[in-house]
Each structure stands twice: as structure tokens, then as C-alpha cells.
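# Structural description and commentary
Spelled out from the first residue to the last, the chains are:
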Amino acid sequence: MNKSYLLLPLTLFVVSCATTTKVEEPKINYLDISGKDQIKLVDEYWTVAKRIEPRYPILAAKNNVSGCVDLIVGIDQNGKAQGYKVRSSYPKGVFDKNAAAALVKWKWQATEKNKDNTPVLTSIRMDFSISRNPSDPEYLQNCPKREV
């Protein structure tokens, strides 16, 4: 059963010489389809219109390190990423910033079924591998091949 999920966007602060003004963005009521068993449900609401591939960290590439990052992201009513959270990553922290930096540049388009542009909370996994067929047992255990 899908639950509605309230995700609070970042609050912006504008600072001037004498005063501080708090500007709040509107709260978005997300439909939570971020469960690992719900990954295909996002296709009923949104399709990726612009995908930016993450940059491979230089140190990880030099050391032949492969990994993955599982991110939870909010897609707002305009098809833009509005916040993210790293659910898991392997190796921990190595690829997180690069995955998030790419993801916030993605754009989605509402499907025919999603005429109301329902905002959703979903998960996206980004894989980082030097080889097309990585064979490192730790990588394979922590970043198993996904069913498409």
C-alpha cells in the first residue's frame, strides 16, 4: 500500500545588514514509492527526460574501485529533483557526492497516467564500475545485478 509522505524542502535564509528574513518554500506531499519492491512504480508516474551520468571519482578510478549508491529522491510536480537521501552505498561514502550531484540535474516528464503531476518519492541506484563485467566478489555482493 502506498503512503503519502511529507518531505520538507530546505529552508532558505536571506541575510541583510540589519535583518534576517526566513523564506519558506511550499511543502510538497509526496507519494512514497521508494521501497525496493516498488522501484518499477515510478514508471507509472514519471519518465526520465534528462539523465546526467555521474562523474567517476579520480581516486576511485586510479585504484580500480567499483561501487554503487542507492538514493531516495523526491520528484516534484515540475519533474525536478527536490532533495535526496543516500539510503546505502558501497564502498561507504566513495561515490555518494558524485551520484547526488548528477541526480539533482535530472529531469522527469509526467506520464499520460499522471495528468495531475503527482510528486513522488522514489529510489534510484547508480552503479560505478571500471569494467563492463565487474568480478570483484565484494562489489557483486554489495551491488547485486538488478532485474530490469
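Residues numbered from 1 in each chain as written. Predicted model: local features only at pLDDT ≥ 70, side-chain atom pairs only at ≥ 80, totals over all residues. Heavy atoms only, no water.

What follows deals with the confidence of the model for the protein chain. Across the protein chain, pLDDT averages 85, with 80% of residues at or above 70. Within the protein chain, no element has a lower average pLDDT than strand S2 (residues 12–15), which sits at 38, and none a higher one than strand S8 (residues 107–110), at 98. Low pLDDT, under 50, characterises residues 1–17; the stretch is placed with 43 contacts to residues that sit more than four places away or in other chains. (pLDDT = per-residue confidence, 0-100. Helix = DSSP H or I, 4+ residues; strand = E, 2+ residues; numbered from the N terminus. Contact = heavy atoms within 4.5 Å.)

Turning our attention to the packing of aromatic side chains. Inspection of the entire model under this criterion finds four aromatic pairs. Between tyrosine 56 and phenylalanine 128, the aromatic rings sit 5.8 Å apart at their centres with planes inclined by 75°, giving edge-to-face as the arrangement. Of the two residues, tyrosine 56 is situated in the loop between strand S5 (46–50) and helix H1 (58–62) and phenylalanine 128 in strand S9 (residues 120–128); the sequence distance between them amounts to 72 residues. For tyrosine 56, a relative accessible area of 25% translates into the label partly exposed. For phenylalanine 128, a relative accessible area of 2% translates into the label buried. Relative to tryptophan 108, the ring of tryptophan 106 lies with its centre 5.7 Å away and its plane at 45°, an arrangement referred to as tilted. Judged on exposure class, the residue tryptophan 106 and its partner tryptophan 108 are both buried. In textbook terms, an aromatic cluster arises when at least three aromatic residues are bridged by ring pairs, as seen for Tyr56, Phe95 and Phe128. (Phe/Tyr/Trp six-rings, centres within 6.5 Å; stacked < 30°, edge-to-face > 60°. Buried < 20%, exposed > 50% of the residue type's maximum accessible area, 1.4 Å probe, protein only.)

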